[in-house]
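# Notes for the structure review
Chain by chain, the residues:
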Amino acid sequence: MQRKAFSAAIDVALKRLNKDREKGLLQIIDLAQKFMGDNFKPEAYEGAKAIVQNPDHKWMKFVNTMLDELDPNVAKMTALNLGFEAAFYGTKTIRKMRQVHHCNIPWLILMDPTSACNLRCTGCWAAEYGYKLNLTYEELDDIVTQGKELGIYFYMFTGGEPLVRKADILKLCKKHHDVAFHSFTNGTLIDEEFCKEVQKLGNLSFSLSLEGFEEANDGRRGQGIFQKVLGAMDLMKRYGLFFGTSVCYTRKNMDAVTSDEFFDLLIEHGCRYSWYFHYMPVGNEADVELMPTMEQREYIYKRIREVRAFEGGKPIMLMDFQNDGEFVGGCIAGGRNYFHINANGDAEPCVFIHYSGANIRENTLLECLQQPLFMAYRDNQPFNDNMLRPCPMLENPEKLQEMVRETGAKSTDLQSPESAEHLCGKCEPYAAEWKEHADKIWAEHPFVKKGYKNYKSEIEGTDAK
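Residues numbered from 1 in each chain as written. Predicted model: local features only at pLDDT ≥ 70, side-chain atom pairs only at ≥ 80, totals over all residues. Heavy atoms only, no water.

### Focus: the packing of aromatic side chains
Under the defined criterion, the tally for this structure stands at 20 aromatic pairs. For the ring pair Phe184 and Phe277, a centre distance of 6.2 Å and an interplane angle of 70° mean the geometry is edge-to-face. Within this pair, whereas Phe184 is found in strand S3 (residues 180-185), its partner Phe277 is found in strand S6 (residues 273-278), the two being separated by 93 residues in sequence. Accessibility classification places Phe184 together with Phe277 in one group, the buried group. With centroids separated by 5.7 Å and ring planes inclined at 90°, the aromatic side chains of Phe213 and Phe262 adopt a geometry described as edge-to-face. Placement of the pair is Phe213 in the loop between strand S4 (204-209) and helix H9 (214-221) and Phe262 in helix H12 (residues 260-268), with a sequence separation of 49 residues. You can call Phe213 partly exposed: its relative accessible area is 31%. One aromatic cluster is present, formed by Phe184, Trp275, Phe277, Phe321, Tyr338 and Phe352 through successive ring pairs. Over the face of the ring belonging to Tyr137 we find Lys171, whose NZ or CZ atom lies 4.2 Å from the ring centre. (Phe/Tyr/Trp six-rings, centres within 6.5 Å; stacked < 30°, edge-to-face > 60°. Helix = DSSP H or I, 4+ residues; strand = E, 2+ residues; numbered from the N terminus. Buried < 20%, exposed > 50% of the residue type's maximum accessible area, 1.4 Å probe, protein only. Lys NZ or Arg CZ within 6 Å of the ring centre and 35° of its normal.)

### Examining the pattern of salt bridges
Side-chain pairing between opposite charges can occur once the charged atoms of the two side chains come close. Taken as a whole, this structure holds 25 salt bridges when the rule is applied. Ionic pairing is found between Asp68 and Arg21, a salt bridge with its closest N-O pair at 3.0 Å. Of this pair, Asp68 sits in helix H4 (residues 58-69) while Arg21 is found in helix H2 (residues 21-36), placing the two residues 47 residues apart along the sequence. A salt bridge links Arg303 to Asp260; the shortest N-O distance between them is 2.7 Å. On the criterion of sequence distance, the pair formed by Arg303 in helix H13 (residues 294-307) and Asp260 in helix H12 is long-range, its members being 43 residues apart. Members of the salt-bridge network, linked through shared partners, are Arg305, Arg308, Asp324 and Glu326. (Salt bridge = Lys/Arg side-chain N within 4 Å of Asp/Glu carboxyl O.)

### Examining the domain arrangement of the protein chain
For the protein chain, the assigned domains read domain 1 (1-72) and domain 2 (85-447). When each unit is reduced to the centre of its C-alpha atoms, the spacing between domain 1 and domain 2 is 28 Å. Taken together, the contacts link 15 residues of domain 1 with 25 residues of domain 2. Carbon and sulfur atoms supply 55% of the area buried between domain 1 and domain 2, which totals about 1700 Å² over both sides. Of all residues in domain 1, Arg3, Lys58 and Trp59 bury the most surface against domain 2, accounting for 33% of the area lost on that side. On the surface where domain 1 and domain 2 come into contact, there are two salt bridges. At the surface where domain 1 touches domain 2, the tally comes to nine residue pairs in polar contact (both at pLDDT 80 or more). (Domains from an automatic or database assignment. Contact = heavy atoms within 4.5 Å. Buried area = accessible area lost by both parts, 1.4 Å probe. Polar contact = N/O pair within 3.5 Å; in protein donor to acceptor, adjacent residues only side chain to side chain.)

### Remarks on the sheet that holds strand S2 (residues 154-157)
Backbone hydrogen bonds hold the strands of a sheet together, and the pairing may be parallel or antiparallel. If you walk across this open sheet you meet the nine strands as S7-S6-S5-S4-S3-S2-S1-S8-S9, and the pairing is mixed. Pairing within the sheet leaves two strands with one partner each, and these edge strands are strand S7 (317-320) and strand S9 (347-348). Relative to S7, S6 is paired through four bridges, and the arrangement is parallel. Paired with Tyr276 across the strands is Asp320, a residue of S7. (Pairing = 2+ DSSP bridges.)

### So, a negative patch on the surface
A cluster of acidic residues, Glu398, Glu402, Glu406 and Glu428, forms a negative patch at the surface. When residues of the negative patch are assigned to their parent elements, the largest contribution, three residues, is made by helix H16 (residues 397-407). By the element assignment, Glu402 lies in helix H16. A relative accessible area of 32% means that Glu402 is categorised as partly exposed. (Patch = residues over 30% accessible without salt bridge, like charges linked within 9 Å, V, L, I, M, F, W, Y side chains within 5 Å. Areas by Shrake-Rupley, 256 points an atom, 1.4 Å probe, with all protein chains shown as cover. Lys, Arg positive; Asp, Glu negative; His and termini not counted. Charge placed at Lys NZ, Arg CZ, Asp CG, Glu CD.)

### Focus on the side chain of Gln296
Counting through the fold element by element, Gln296 comes out in helix H13. A polar contact is formed between the side chain of Gln296 and the backbone nitrogen of Thr293, at a distance of 3.0 Å. Those residues in contact with Gln296, other than ones at most four positions away along the chain, are Thr250, Arg251 and Met254.

Next up, the structure:
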């Protein structure tokens, strides 16, 4: 009943947007405050209203462009599923379920429909699994069905290349029309017929992989791939779909993927956002020389904030998975905010950390969340008081080794199993060097330092770890 009421109110607000954009947006903010309530602070709603009432504001221009270009059904389903179901109803249910089941319950689940891919990119960590693993449609459906009972209404597809299974993905989106789905993709399998189907459904968004300009991108992914990705973006923009990019930054491509020219390219082709991921040396053959230098990591920390600032920068929302820990209280893996299910069914704490003690073919979703490795994550999060050192592998490598050893978790890499000691050994010099830089930045940081109270702090009333 609440969803129907929210849906009806969204319909009214969207119609008003066509006549009076400001009044329509203010109505949507009031609607959000009515349903979301204390999910956000009162000043957040007031701040949003102030932006709406300033047509020259950078982010108001961003919103106007997005509303002009998004298909109405896509806009509505995004508001309903990502807004109402995931952010409002889901969040309330998840908080309750954490108390009931005494374990981490995530806000979203990443899952690999397949390990297969139509490309053979140099250094791809997904290829470590091999190319013949698949989750059946029934298994994907069961994961979502179980997840919804726990309050989880947001699911991301990784791989492999998820769109190798696009027929099953569309079928899943249609059945679970109240869920927000998102696919990371290389973009080469996106065609007009697929865009038409996504437009009708409205509940599937995308992040297209792009790691620089044509020469660098095609050098890793194959000749002609860069132009195919841009072509896919243009097609999705024409059909009013919601999409952005996924960028892995390394020592070699740092300058290119943080340049004004790169951001302008993304914006021109219709990207609304971009995920930035630090290169992780996962796999026995991983090249540690691709890890950013300390100067580069300091640079991208500052550069991302500069570009997405309220004033100046560029009209694109940027998220830095490694350097934005302050906004989410450090590491969000192990089921705290998300976890990963690979194409073999193994429930891993993180898309970059391939160890597990549970599999969805043998365990329920709840049992996977209660496995010893995930409980160890829950006991130890946050792994550092400095939110610029969030990861138990990259910045606190002793932590991951300890958790894997004590819980008996096994490597999930079926091609070339890697020990936690080998993986973390590659990170130890980096972690030691970054500590000095990160501690200095954190001490000078103008943002209000945001800690995270883990479940023991909340129960015992003690200070955050």
